[in-house]
Amino acid sequence: MSFRLTNDSGGSAAAVTEQLNLTPTSSSEAGSVISSRTPERKRQHSVWILSSDSDELQGEVRLSKMLERLLAQLEPVAATLWELEREGYEATWFAMLDVKNGENATELHRSILQRLVALPGDLWLDVYRDDSD
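Residues numbered from 1 in each chain as written. Predicted model: local features only at pLDDT ≥ 70, side-chain atom pairs only at ≥ 80, totals over all residues. Heavy atoms only, no water.

Considerations on the nonpolar core
Core analysis: the largest hydrophobic core is formed by 27 residues, its most contacted members being Leu 5, Leu 20, Trp 48, Leu 74 and Trp 93. When residues of this core are traced back to their parent elements, those giving at least two are strand E1 (2–7), helix H1 (13–20), strand E5 (46–51), helix H2 (63–74), helix H3 (78–86), strand E6 (90–99) and helix H4 (110–117). Sort the elements by how many residues they give to this core and H2 lands first, with six residues. (Core = buried A, V, L, I, M, F, W, Y, C linked by side-chain atoms within 4.5 Å. Buried < 20%, exposed > 50% of the residue type's maximum accessible area, 1.4 Å probe, protein only. Helix = DSSP H or I, 4+ residues; strand = E, 2+ residues; numbered from the N terminus.)

Some details on the pairing of E5
With six of six residues buried, E5 lies mostly within the body of the structure. The two faces of E5 match: Ser 46, Trp 48 and Leu 50 on one face and Val 47, Ile 49 and Ser 51 on the other face are all buried. Where E1 lies against E5, six bridges are found, and the strand directions are antiparallel. Its bridge partner being in E5, Thr 6 is matched across the sheet by Val 47. Pairing between strand E2 (residues 26–28) and E5: three bridges, direction antiparallel. Bridged to Ser 27 within E5 is Trp 48. (Pairing = 2+ DSSP bridges.)

Below, the structure is given as structure tokens:
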């Protein structure tokens, strides 16, 4: 689960870090090389990513728990997030959901959804089936 801010109109990931006073899990700047194997390919936008991933969260962690971790970090800077959106940054909440063992559902309680709606960004869910077992 991650919260991402991207900008293809001049905003930088470094500016996001400075304004939010949060260290991203990862970031990259527009114009930076995508891969050393193809140095001619450059990023078209800056990206700032805060992830809820950690060793503790690997495995059977529910989407709501991952969202709560991110919300706890981002709610205190809500006004700044909205300002960044007004400046041209696009916000996205992104989660990959692994469907296996017949569990084809996840739940998000109203309280989590209300907290999520209070911050910028759409929720993207990438649902896939893990057949490796």
